[in-house]
Amino acid sequence: MSLANAREYECVRCGFREVADDALLSTCRRCGSEMRNVERVCD
Ligand SMILES: [Zn+2]
C-alpha cells in the first residue's frame, strides 16, 4: 500500500538492492558502482 510508488534498485556489480520512494539512486552505497532500476514483479 505504502510502497505503491517504491522502486527497487540493484547494483550492477555486487547485487546490493535498495528500495527508494521516488528518489534517484545512482550509486551503490556498498561498492560505489552503478545502481540500476529493477522492475518489480508481483509475487
Ligand atoms: Zn554495489
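Relevant structure appears above.
A short tour of the structure in this document, coming up. Because the structure is a prediction, the values reported are computed rather than measured. (Residues numbered from 1 in each chain as written. Predicted model: local features only at pLDDT ≥ 70, side-chain atom pairs only at ≥ 80, totals over all residues.)

**A few points about the pairing of strand E2 (residues 17–20)**
Each regular strand shows side chains that alternate between the opposite faces of the sheet.
Okay, step 1: With four bridges joining them, strand E1 (residues 7–11) and E2 adopt antiparallel strand pairing. From the neighbouring strand, Tyr9 faces E2, where its bridge partner is Glu18. (Pairing = 2+ DSSP bridges. Helix = DSSP H or I, 4+ residues; strand = E, 2+ residues; numbered from the N terminus.)

**Examining the sheet that holds E1**
Okay, step 1: Ordered by their spatial adjacency, three strands build an open sheet running E2-E1-E3, and the pairing between neighbours is antiparallel. Each of the sheet's edge strands pairs with one partner strand only, and the pair in question is E2 and strand E3 (35–38). Across this sheet, the average inter-strand angle for adjacent strands is 35°, counted without regard to direction. (Axes fitted to C-alpha atoms, helices over the stretch in contact; angles between N-to-C directions.)

**Let's talk about the environment of Glu39**
Okay, step 1: Following the sequence through the fold, Glu39 ends up in the segment after E3.
Okay, step 2: Between the alpha carbons of Glu39 and Tyr9 there is a distance of 8.6 Å; along the sequence they are 30 residues apart.

**Considerations on the pairing of E1**
Okay, step 1: The antiparallel hairpin formed by E1 and E2 contains five residues in its connecting segment, where Gly15 sits at a positive phi of about 80°.
Okay, step 2: With four bridges joining them, E1 and E3 adopt antiparallel strand pairing. From the neighbouring strand, Tyr9 faces E3, where its bridge partner is Asn37.

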